[in-house]
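# Coordinate analysis (summary)
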Amino acid sequence: MAERLFEALPADAHEVAAADCTPSAPVLAVQNLSAGYNGKPVLQNVSFDVYAGQRVGIIGPNGAGKSTLFKALVGLLPHQGEISIQGAPCRQSHTMIGYVPQYEAIDWKFPVTVWDVVMMGRARQIGYVLLPRRRDREAVRQALERVGMWALRKRQIGELSGGQRRRVFIARALAQRANVLLLDEPFTGVDAQAEADIYEVLDVLRDEGIAVLLATHNLVQAATHFDRLLLMNGGRMLAFGDPQAVYTPQLLAETFGDRIALWRDGDGYVMVADKPCHDHDAHGDHHAPAHPQPVPEAVRE
Amino acid sequence: MGSWMTALGIWGALRDGWAVLAANFETLVLEPLRYPLLARSLEAAIVVGIVSGVVGTYVVVRGMAFFGDALAHAILPGVAFMYQRANGRTDDLFWGGLVAGVLSALGIGWLTRHERIKEDTAIGVVFAAMFALGIAMISRIDNYAGDLSHILFGQILGVSAGDLRLIVIFGALVLAVVALFYKEFLIISFDPMLARTLRLPVELFRLLLLVLIGVTIVVSLQTVGIALMVALLVTPAATANLMTHRLLPMMLISALIGAASSIVGFYVSYHGDVATGPAIVLTATSIFLFVFVEQQIRQRLGFIVRLHGLRETAPAGQPAFPHEH
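Since this is a predicted model, take the numbers as computed values, not measurements.

### Let's talk about the overall build of chain A
- Scanning chain A from N- to C-terminus turns up ten helices and 13 strands.
- Put simply, chain A has 301 residues, and 54% of those count as buried.
- In chain A, 67% of the contacts between residues at least 6 apart in sequence involve partners at least 24 apart.
- Surface exposure of chain A reaches about 13,000 Å², of which carbon and sulfur atoms provide 51%.

Here's what the structure looks like:
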């Protein structure tokens, strides 16, 4: 059974994705991407296409390879396979992917303001030795306005809340003029209001045709907030496609292993985390709701 | 009430001091500068204060104080080697130190390029060994204690015209590189991951920064010596860090404090008959303590004021005294 799912589902997922896509080329096309650390493969044969304005949820438990996928996409890891952005190989278009990592290592007391942080995204466009020009300042201003952080531009970065910091780093990726944003767990350690604010920013980006890949392990959000879902576990892509098609009990069980169970409850499913996952999770939040929780509307059959 | 009395006392002392200084400007300030040797050492000290203030900013924001201290000690073998051969011609010491400083900086950069060895462990092992080697070399010279103390604690009165020229040239070179690659150094210091996604040569800039610190140390060698070097790199920048939250103003303030410490330290040294290096370092420390205590007092006052609900209009999360631009 498991074998069959592994083999068959990605192909099915592609058909689902192809059904309603626009005729234009994908902004991000990934073919047979494999990557790893020190020769040890972590990511194996991942393939998917993302079109302008799409929001893709990358779903999987910790260690599934979500961060590895992102690092391979921005060229931080040696990788095999093809990554093309708007039809061009990614080497030439490195600023077109904006990466917002989890940032555990940032020194928040560093003497930089919000403005300075966003201006860093312009380094390539400014060039070596030169100073920012008017178009760079304009790009920074627009980016800050789009994420609603213009008013706080003179603040030192550490004075901001967690959610505000995430928005600043999204602004920096926008200032890069990225067409594709990679957000790694942007909702960890962020309260509900800040999460709503970030989704608001993401809605603006969708309207502007910017594709967003967002890694999360919150299953409830996954069903409602994304155009496509990519389920991962153990460095493999288990499925890619429309949330309705991908969000099935079998696939979720495949993705999360024995940490989650789904029960049929009338016309929908109820998810139950049957194992506490604190020991697997550095951030202390849950992979799945701790209590039985109804699956949102999109999943109901 | 007591603090007001103290403040008045300090103010009074400052006013009186200023009056004495103004009345005796000629003898106190200008007289030492009539001697070319003293004028040269003051010039050297000012250049050193500015350069180490600017480069020290990176040392502070990147948390490299231990690296700076160790690198200063690691140049000893190079200096000792030239000392044995040069017979007192000090500008040869400069070149010896420069080669040692650059090599040590690159060496430590190479050792710490991977996470395999923890950076401070690698520094501790390698640099202490280099220092030991330097002392071993010098201990073979007859007049060993005196020579060693000149290198360890500085010998600013030994600044020759040639030394001063080298100090100015290399100091200017360091400042020029910082100015040219300010943006890149900022990015690799704050967010190396962004630097790598932007395809900046992160490793190259990191090594360049280490070399800049090495050159700064060699430039400062005669002024404060090896043992006190780290204070010159850290104290003015740490003071500036308390006063601003942007890197460029921090550099400028740090350079200003470095230069001021050099000038005041120089005169304290001349009039008080104390060694110049320690006088400069203690001046810098006094400025740091003054700024630190003043900020503490302001924060306490701010806390009391907020406790009484007088600042309720301030938005939540805003610090009591936000820095102005």
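Having seen it, we continue.
### With respect to the packing of helix 9 (residues 161-180) of chain B against helix 10 (residues 182-190) of chain B
Residue and element names in this part refer to chain B.
- The contact between helix 9 and helix 10 brings their axes to 4 Å, and the two run at 70°. Classed by the angle they form, the pair helix 9 and helix 10 counts as roughly perpendicular. Where helix 9 approaches helix 10, its residues Val-177, Val-178, Ala-179 and Leu-180 are matched on the opposing element by Tyr-182, Glu-184 and Phe-185.
- Partitioned by chemical class, the residues of the contact of helix 9 with helix 10 number six nonpolar, no polar and one charged.

### Section: the environment of Ser161(A)
- On the secondary structure map, Ser161(A) appears in the loop between helix 5 (134-146) and helix 6 (162-175).
- Sequence separation of Ser161(A) and Gly235(A) is 74 residues, and the distance between their C-alpha atoms is 32 Å.

### Examining the interface of chain B and chain A
- Counting residues at the interface gives 28 residues for chain B, matched by 35 residues for chain A.
- Broken down residue by residue, the surface that chain B buries against chain A is led by Phe190(B), Leu198(B) and Arg199(B), which jointly contribute 27%.
- The partner of Arg172(A) in a salt bridge is Asp191(B), with the nearest N and O atoms 2.6 Å apart.
- Here chain B is connected to chain A by ten residue pairs in polar contact (both at pLDDT 80 or more).
- Of all the elements in the fold, those that place two or more residues in the side of chain B that touches chain A are helix 10, helix 11 (192-197) and helix 14 (247-272) of chain B.
- In terms of residue count, helix 10 of chain B provides more of the side of chain B that touches chain A than any other element does, six residues in total.
- By residue class, the composition of the side of chain B that touches chain A is 15 nonpolar, seven polar and six charged.

### Some words on the nonpolar core
- Judged by nonpolar contacts, the single largest core of 131 residues is most densely connected at Ile170(A), Leu181(A), Leu205(A), Phe190(B) and Ile213(B).
- Aside from chain neighbours lying at most four places away, what touches Phe190(B) is Ile106(A), Asp107(A), Phe110(A), Val112(A), Val117(A), Met120(A), Ile157(A), Phe169(A) and Arg172(A).
- Grouped together as the second largest cluster of nonpolar side chains are 31 residues, Ala64(A), Leu182(A), Leu213(A) and Phe240(A) included.

### Considerations on the confidence of the model for chain A
All names here are of chain A.
- Confidence in the prediction of chain A, expressed as mean pLDDT, is 77, and 75% of residues score 70 or more.
- No element of chain A has a lower mean pLDDT than helix 1 (residues 2-19), which averages 38, and none a higher one than helix 3 (residues 114-120), which averages 96.
- Predicted confidence is poor over residues 1-22, with pLDDT under 50, and the contacts of this stretch with residues over four places away or in other chains come to 27 contacts.
- pLDDT under 50 marks residues 274-301. Its contacts with residues more than four places away, or in other chains, come to 60 contacts.

### Remarks on helix 7 (residues 192-207) of chain A
Residue and element names in this part refer to chain A.
- Helix length check: helix 7 (16 residues) gives 23 Å between terminal C-alpha atoms against 22 Å at 1.5 Å per residue, within 8%.
- Along helix 7, the residues that are buried comprise Ala-194, Glu-195, Ile-198, Tyr-199, Val-201, Leu-202 and Leu-205. For helix 7, the angular spread of buried residues about the axis comes to 155°, placing them on one side. Projecting away from the buried face of helix 7 at angles above 90 degrees are the exposed residues Ala-192, Gln-193, Glu-200 and Asp-207.
- Backbone geometry just after helix 7 places Gly-209 at a positive phi near 85°.

### Describing unusual backbone geometry
Residues and elements named next belong to chain A.
- With a phi angle near 70°, Val-129 is a residue other than glycine that sits in the positive phi range.
- Positionally, Val-129 belongs in the loop between helix 4 (123-126) and helix 5.
- The phi dihedral of Arg-177 falls on the positive side, at around 65°, and the residue is not glycine.
- Tracing the backbone shows Arg-177 in the loop between helix 6 and strand 7 (180-184).
- By relative accessible area, which is 41% here, Arg-177 ends up partly exposed.

### Looking at the environment of Val54(B)
Residue and element names in this part refer to chain B.
- Its place among the elements puts Val-54 in helix 3 (residues 36-61).
- In this structure Val-54 comes out as buried when scored by relative accessible area, which is 9%.
- Between the C-alpha atom of Val-54 and that of Phe-81, which follows or precedes it by 27 residues, the distance is 29 Å.
- Not counting residues up to four positions away in its chain, the partners in contact with Val-54 are Leu-175, Val-178, Met-251, Ser-254 and Ala-255.

### Comments concerning the pattern of salt bridges
Residues and elements named next belong to chain A.
- Inspection of the entire model under this criterion finds 18 salt bridges over all chains.
- Here Asp-136 makes a salt bridge to Arg-133, at a shortest N to O gap of 3.9 Å.
- The class for Arg-133 is partly exposed, based on a relative accessible area of 34%.
- As a salt-bridge pair, Asp-227 and Arg-206 come within 2.7 Å of each other at their nearest N and O atoms. Taken together, the positions of Asp-227 in the loop between helix 8 (219-225) and strand 9 (228-233) and Arg-206 in helix 7 put the pair 21 residues apart, joining distant regions of the chain.

### Some words on the packing of aromatic side chains
- Counted under the stated rule, the structure contains 19 aromatic pairs over all chains.
- Between Phe48(A) and Phe240(A), the aromatic rings sit 5.6 Å apart at their centres with planes inclined by 40°, giving tilted as the arrangement. Of this pair, Phe48(A) sits in strand 2 (residues 40-50) while Phe240(A) sits in strand 10 (residues 236-241); the two residues are 192 residues apart in sequence, bridging distant segments of the chain. Across the pair, Phe240(A) and Phe48(A) agree in class, each one buried.
- Taken together, a centroid distance of 6.4 Å and an interplanar angle of 75° make the contact between Phe70(A) and Tyr99(A) edge-to-face. Of this pair, Phe70(A) sits in helix 2 (residues 66-73) while Tyr99(A) sits in strand 6 (residues 97-100), and the two are 29 residues apart along the sequence.
- What makes Phe70(A) buried here is its relative accessible area of 0%.
- Overall, Tyr99(A) belongs to the buried group, its relative accessible area being 7%.
- The structure contains a cluster of three or more aromatic residues connected by ring pairs, namely Tyr103(A), Trp108(A), Phe110(A), Phe169(A) and Phe190(B).
- Between the NZ or CZ atom of Arg153(A) and the centre of the ring of Trp150(A), over which it lies, the distance is 4.0 Å.
- Directly above the ring of Trp108(A) sits Arg165(A), whose terminal nitrogen or CZ lies 4.3 Å from the centroid.

### Digging into the pairing of strand 9 of chain A
Residues and elements named next belong to chain A.
- Burial of strand 9 is extensive: five of the six residues sit out of reach of the surface.
- Relative to strand 10, strand 9 runs antiparallel, the two sharing five bridges. When the bridges of strand 10 are listed, Asn-233 appears paired with Arg-236.
- Between strand 9 and strand 10, which pair antiparallel and follow one another directly, the connecting turn spans two residues, one of which, Gly-234, has a positive phi of 55°.

Calculation notes
- Residues numbered from 1 in each chain as written.
- Chains lettered and ligands numbered in written order.
- Predicted model: local features only at pLDDT ≥ 70, side-chain atom pairs only at ≥ 80, totals over all residues.
- Heavy atoms only, no water.
- Helix = DSSP H or I, 4+ residues; strand = E, 2+ residues; numbered from the N terminus.
- Buried < 20%, exposed > 50% of the residue type's maximum accessible area, 1.4 Å probe, protein only.
- Contact = heavy atoms within 4.5 Å.
- Areas by Shrake-Rupley, 256 points an atom, 1.4 Å probe, with all protein chains shown as cover.
- Axes fitted to C-alpha atoms, helices over the stretch in contact; angles between N-to-C directions.
- Parallel < 35°, antiparallel > 145°, perpendicular 65-115°, else oblique.
- Nonpolar A, V, L, I, M, F, W, Y, C, P; charged D, E, K, R; others polar.
- Buried area = accessible area lost by both parts, 1.4 Å probe.
- Salt bridge = Lys/Arg side-chain N within 4 Å of Asp/Glu carboxyl O.
- Polar contact = N/O pair within 3.5 Å; in protein donor to acceptor, adjacent residues only side chain to side chain.
- Core = buried A, V, L, I, M, F, W, Y, C linked by side-chain atoms within 4.5 Å.
- pLDDT = per-residue confidence, 0-100.
- Expected span 1.5 Å × (residues − 1).
- Arc of directions from axis to C-beta.
- Phe/Tyr/Trp six-rings, centres within 6.5 Å; stacked < 30°, edge-to-face > 60°.
- Lys NZ or Arg CZ within 6 Å of the ring centre and 35° of its normal.
- Pairing = 2+ DSSP bridges.

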